[in-house]
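Secondary and tertiary structure notes
One letter stands for each residue in the lines below.
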Amino acid sequence: MRQLRQRAEMGLKMIDLIVHNDKEEWEKEYSKLCAQNRSVLDTAKKGEKEYSDSLGWLDTEEWANETALKRVERLALEIKRNANVFVLIGVGGSNNAARGAIKALQQAGTPEIIYAGNTLSPHALNNMLKKLEGKSIYVNCIAKNFETLEPGASFRILRKYLKERYGKKAAERIIATGTAGSSLEKLCSDNGYTFLEFPENIGGRYTALSNVGLLPMAVAGIDIRMLVQGAKDMRKELYEKPAEENIAFQYACLRNFCYNRGYRIEMLASFEPRFRYFYKWWIQLFAESEGKDNKGIFPVAGEYSEELHSVGQFLQDGSPIIFETFLDVKERQDSLRVESDGLADYFDYLDGKDFWCINKKAYEATVAAHKEKMPCFTLEIDGLDAYHFGQLFYFFQFSCYLSCKMMGVNAFDQPGVEAYKKWMFEALGK
Ligand code: PA5
């Protein structure tokens, strides 16, 4: 019941596009854009041939089915029993989803998760190694084609470290997630590491609901079954609802509408700091999928209240190039009342109020202020838990695909990322 209620209550609540004299004209234009793009939704749902090598995430049953979940759970149980540190080696799509969920939802008593493979800074790498001293360690290297320098170099260092610490038994503590037939799989079979499959038909940033995202999440004690259920329910909703009631379609249309109106930056903002690393996943998803052919909306994140006191000035008063999507959690997650300590600090108006309500008032006030300047939307979720993270992952992946189609770009390639690699490989003599 709870799941159904939650599903029914997740929605994109459309706050006035903007407080403007020409509101009517804007609404007319938005409706026209929706009508023009209606076919985009149907085409995407069917699974286009053109992108068949990248759509393995569309149906969660393909890579997050019962067999896959059982294997991940078994492996996670072994790691939780034997490790107090789990090193997640990966960069971009290979670690962002897991990190986003883990930083928000990790359960007490589970191994500390340490991230590697996303930097080449010796200072950061030495710090990472220091954190391993005296701990029982497991390592998971996640790399789709195992050519990316950052995870490859970190994996080398960590294999050597583990060998020095555990000798021949090091192999029992190494898991690698790579595509079938890749050099990473060969490394596993040659050396006795555990191998998990990285879906060949999913690009990194769309892999939250596969071995890539699910194993680290399960090690952190996240209920991956609830997470997958959330994604499945969201999929069902997005497949069943017609365009005019379809929140992914609406969100994609709103983004394109803003883009056509000259807004070049989208800020995903929330008053819940637990979303900090989820933003990073979202930023990668949209930037790498949409930013090509000289097009795209630049995604940024706003961690409120903090950033109201910094970029808040620009938002309210600076160049009119930004629109804002708020992520709002409906159910009370926690509680803390402000009590008086008897001193005259002139904050008496807060006496007896709960921080949950104060934070909500700050959110409402921010929307009221910002919508005087820019288009503001709110994406409202009922709770902040594994189920809703599953919903969000699926919702944004699907919306991103639609949004890219409307913009006329390929959501699944990343030719721009190759440019720096070419120069770097050349400089390093690869
Ligand atoms: O989303 C993507 O495709 C990229 O961000 C990749 O995930 C990232 O470049 C890492 O690639 P790999 O897993 O091959 O090391």
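Criteria and cut-off values
Per chain, the residues get numbers from 1 upward, laid out in the order the sequence is written. Where local features are concerned, this predicted model is filtered to residues with pLDDT of at least 70; where side-chain atom pairs are given and counted, the filter is 80 or more; whole-chain, interface and lining totals use all residues. Working from all heavy atoms in the structure, the side-chain values ignore hydrogens and water. The helix and strand labels rest on DSSP assignments: H or I over at least four residues marks a helix, E over at least two residues marks a strand, and numbering proceeds from the N terminus. Here's how the labels work: a residue is buried when its accessible area is under 20% of the maximum for its type, exposed when over 50%, partly exposed in between, all with a 1.4 Å probe on protein chains only. Residue contacts are defined here by distance: any two heavy atoms, one from each residue, within 4.5 Å place the two residues in contact. Computed with the Shrake-Rupley method and a 1.4 Å probe, the accessible areas treat only the protein chains shown as cover for residues. The convention is simple: Lys and Arg are positive, Asp and Glu are negative, and His and the chain ends are not counted. Throughout, a charge is located at the NZ atom of Lys, the CZ atom of Arg, the CG atom of Asp or the CD atom of Glu. Here the rule is simple: two strands pair whenever DSSP picks up at least two bridges between them. All axes here are fitted lines through C-alpha atoms, helices being fitted over the stretch that makes contact, and every angle between N-to-C directions spans 0 to 180 degrees. Put simply, a residue is near a molecule or strand once any heavy atom of it comes within 4 Å of that molecule or strand. For this analysis, a polar contact is any N or O atom pair within 3.5 Å, provided that within protein one partner can donate a hydrogen and the other can accept it, and provided that sequence-adjacent residues contribute only side-chain to side-chain pairs. When residues are sorted by character, Ala, Val, Leu, Ile, Met, Phe, Trp, Tyr, Cys and Pro go into the nonpolar class, Asp, Glu, Lys and Arg into the charged class, and all the rest, Gly among them, into the polar class. Annotation comment: domain bounds sourced from an automatic or database domain assignment. Orient the strands so they point away from the viewer, and a crossover whose first-strand-to-second-strand path over the helix runs clockwise is right-handed. Grouping buried Ala, Val, Leu, Ile, Met, Phe, Trp, Tyr and Cys residues that are joined through side-chain atoms within 4.5 Å yields what is termed a nonpolar core.

Further remarks concern the overall build of the chain. In terms of helices and strands, the chain carries 15 helices and 10 strands. Judged by the C-alpha coordinates and their principal axes, the chain covers about 70 × 65 × 50 Å. Looking at the chain as a whole, 53% of its 430 residues are labelled buried. Within the chain, counting contacts between residues at least 6 apart in sequence, those at least 24 apart form 80% of the total. Here the chain has roughly 19,800 Å² of accessible surface; of this, 51% comes from carbon and sulfur atoms. With 57 positive and 60 negative side-chain charges, the chain shows a separation of 6 Å between the mean positions of the two kinds.

All right, on to the sheet that holds strand 6 (residues 194-197) then. An order of 3-2-4-5-6 is seen for the 5 strands of this open sheet, with the pairing classed as parallel. Where the open sheet ends on each side, the last strands, each with one partner, are strand 3 (112-116) and strand 6. Strand-to-strand twist in this sheet, taken as the mean axis angle between neighbours without regard to direction, amounts to 20°. Relative to strand 4 (residues 137-142), strand 2 (residues 85-89) runs parallel, the two sharing 5 bridges. If you follow valine 85 over to strand 4, its bridge partner there is isoleucine 137.

Our focus in this paragraph is the site of the ligand. What surrounds the ligand is a group of 13 residues, the closest being Ser94, Lys144, Thr148, Arg205 and Gln284. In the environment of the ligand, an oxygen atom lies 2.7 Å from a nitrogen or oxygen atom belonging to the backbone of lysine 144. Within the contact set of the ligand, an oxygen atom lies 2.6 Å away from a side-chain nitrogen or oxygen of glutamine 284. Expressed as a share of its isolated accessible area of 390 Å², the protein-covered part of the ligand is 88%. Residue composition of the shell around the ligand, by class: 2 nonpolar, 8 polar and 3 charged. Domain assignment of the residues forming the shell around the ligand places at least three in each of domain 1 (2-48 + 226-416) and domain 2 (66-222).

Time to look at the pairing of strand 5 (residues 174-178). A large share of strand 5 lies buried, amounting to 5 of its 5 residues. With burial as the criterion, each face of strand 5 is covered, one bearing Ile174, Ala176 and Gly178 and the other bearing Ile175 and Thr177. Relative to strand 5, strand 4 runs parallel, the two being bridged by 4 bridges. In the strand pairing of strand 5, cysteine 141 is matched with alanine 176. In this view, the connection linking strand 4 to its parallel neighbour strand 5 by way of helix 6 (residues 149-166) has right-handed handedness. The sheet contact formed by strand 5 and strand 6 spans 4 bridges and is parallel. Bridge assignment links threonine 177 to a residue of strand 6, and that residue is leucine 196. Read as a crossover between parallel neighbours, the route from strand 5 over helix 7 (residues 183-191) to strand 6 is right-handed.

This next bit is on the pairing of strand 9 (residues 322-329). The element strand 9 is extensively covered by neighbouring structure, given that 8 of its 8 residues are classed as buried. Neither face of strand 9 is left uncovered, since the one carrying Ile322, Glu324, Phe326 and Asp328 and the one carrying Phe323, Thr325, Leu327 and Val329 both have all their residues buried. With 5 bridges joining them, strand 7 (residues 265-270) and strand 9 adopt parallel strand pairing. Bridging across to strand 9, leucine 268 finds its partner in threonine 325. Of the pairings in the sheet, the one linking strand 9 to strand 10 (residues 376-381) comprises 6 bridges and is parallel in character.

Position of leucine 129 among the secondary structure elements: in helix 5 (residues 122-130). Discounting residues that sit within four places of it in the chain, leucine 129 has contacts with Ile157, Leu158 and Tyr161.

A word on the nonpolar core. Ranked by size, the top nonpolar core spans 97 residues in total, and within it Phe393 and Phe396 carry the most contacts. Here this core gets 14 residues from one element, more than from any other, and that element is helix 14 (residues 386-407). Taken domain by domain, the makeup of this core includes at least three residues from each of domain 1 (2-48 + 226-416) and domain 2 (66-222). Phenylalanine 393 has contacts with Ala97, Ala101, Ala208, Leu209, Met217, Leu227, Phe278 and Trp281, leaving out every residue within four places of it along the chain. In terms of nonpolar packing, the next biggest core, distinct from the first, is built from 27 residues, Val85, Val87, Phe146 and Ala171 among them.

Taken by themselves, the reported measurements are silent on function.
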